[in-house]
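Read off the chains here:
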Amino acid sequence: MSVRKVKRQTFHGVSRIKERTDIAHTTEAKKLIKNASQYGLPVHRFRNSKLLYAYLKRRIHGNKRVVLYAGYVFIFMGGSNRLITMYPLPDFYKGEYYLYAK
């Protein structure tokens, strides 16, 4: 797996992390972004879960990269590690996510 170097992040992406998690500092938010980019599970890992896979595929518009990490959906600009937004995975899908996250 290639290591994605985290450069400059979007203000919106960092703001969403602070808003939707208990993270208060930008450096911690950037560390979460880096870990999500490197270790997050891509959409294709969930092909065997029809509902979760369909939910995630609907999040991909244009040149976007969607990964799941730590119970959150991260949407990156395609081909990069710049976070556009992140939000919690709905509770309905968490059981399926944890089956694949082992």
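Residues numbered from 1 in each chain as written. Predicted model: local features only at pLDDT ≥ 70, side-chain atom pairs only at ≥ 80, totals over all residues. Heavy atoms only, no water.

A. Structural detail: the overall build of the protein. A tally of helices and strands in the protein yields 4 helices and 4 strands. In the protein, the succession of α and β elements from N to C terminus is α-α-β-α-β-β-β-α. Taking 2.2 N^0.38 as the reference for a compact globule, 102 residues should give roughly 13 Å; the C-alpha atoms of the protein span a radius of gyration of 13 Å, in line with that estimate. Along the three orthogonal principal directions, the C-alpha set of the protein runs to about 35 × 30 × 25 Å. Sequence separation of 24 or more characterises 53% of the internal contacts of the protein that already satisfy a separation of 6 or more. Split by element, the accessible area of the protein, about 6300 Å² in all, is 54% carbon and sulfur. (Helix = DSSP H or I, 4+ residues; strand = E, 2+ residues; numbered from the N terminus. Rg over C-alpha atoms; globule rule 2.2 N^0.38 Å. Contact = heavy atoms within 4.5 Å. Areas by Shrake-Rupley, 256 points an atom, 1.4 Å probe, with all protein chains shown as cover.)

B. Helix α1 (residues 11–20), seen in detail. Where α1 is concerned, the buried positions are Gly13, Val14, Ser15, Arg16 and Ile17. Contacts from the buried residues of α1 go to α2 (26–39), β3 (72–77) and β4 (83–88). (Buried < 20%, exposed > 50% of the residue type's maximum accessible area, 1.4 Å probe, protein only.)

C. Examining the nonpolar core more closely. The biggest cluster of nonpolar side chains holds 15 residues, and the ones touching the most others in it are Phe46, Leu52, Tyr55, Leu56, Val73 and Leu89. Excluding its chain neighbours within four sequence positions, the residues that come into contact with Leu52 are Phe46, Leu89, Tyr93, Glu96 and Tyr97. Ile33, Ala36, Tyr72 and Phe76 belong to the second largest nonpolar core, which has 13 residues in total. (Core = buried A, V, L, I, M, F, W, Y, C linked by side-chain atoms within 4.5 Å.)

D. A look at the packing of aromatic side chains. By the definition in use, this model includes 7 aromatic pairs. Measuring from ring centre to ring centre gives 6.3 Å for Phe74 and Phe76, while their planes differ by 15°; the resulting arrangement is stacked. Each member of the pair Phe74 and Phe76 is classed as buried. By the ring-pair criterion, three or more aromatic residues cluster together here, those being Phe46, Tyr97, Tyr98 and Tyr100. Just above the ring of Tyr55 sits the side chain of Arg59; from NZ or CZ to the centre is 3.8 Å. In this structure, Arg65 packs its charged tip against the face of Phe76, placed 4.5 Å from the ring centre. (Phe/Tyr/Trp six-rings, centres within 6.5 Å; stacked < 30°, edge-to-face > 60°. Lys NZ or Arg CZ within 6 Å of the ring centre and 35° of its normal.)

E. Representation of the pairing of β4. Pairing geometry for β3 and β4, over 5 bridges, is antiparallel. What sits directly across from Tyr72, in β4, is Pro88. (Pairing = 2+ DSSP bridges.)

F. Quick peek at the pattern of salt bridges. The final tally for this structure, using the stated rule, is 3 salt bridges. In this structure, Arg20 and Glu19 form a salt bridge, with 3.6 Å as the shortest nitrogen-oxygen distance. Residue Lys94 pairs with Asp91 through a salt bridge whose shortest N-O separation is 3.5 Å. With Lys94 and Asp91 both in helix α4 (residues 91–100), this residue pair falls 3 residues apart, about one helical turn. (Salt bridge = Lys/Arg side-chain N within 4 Å of Asp/Glu carboxyl O.)

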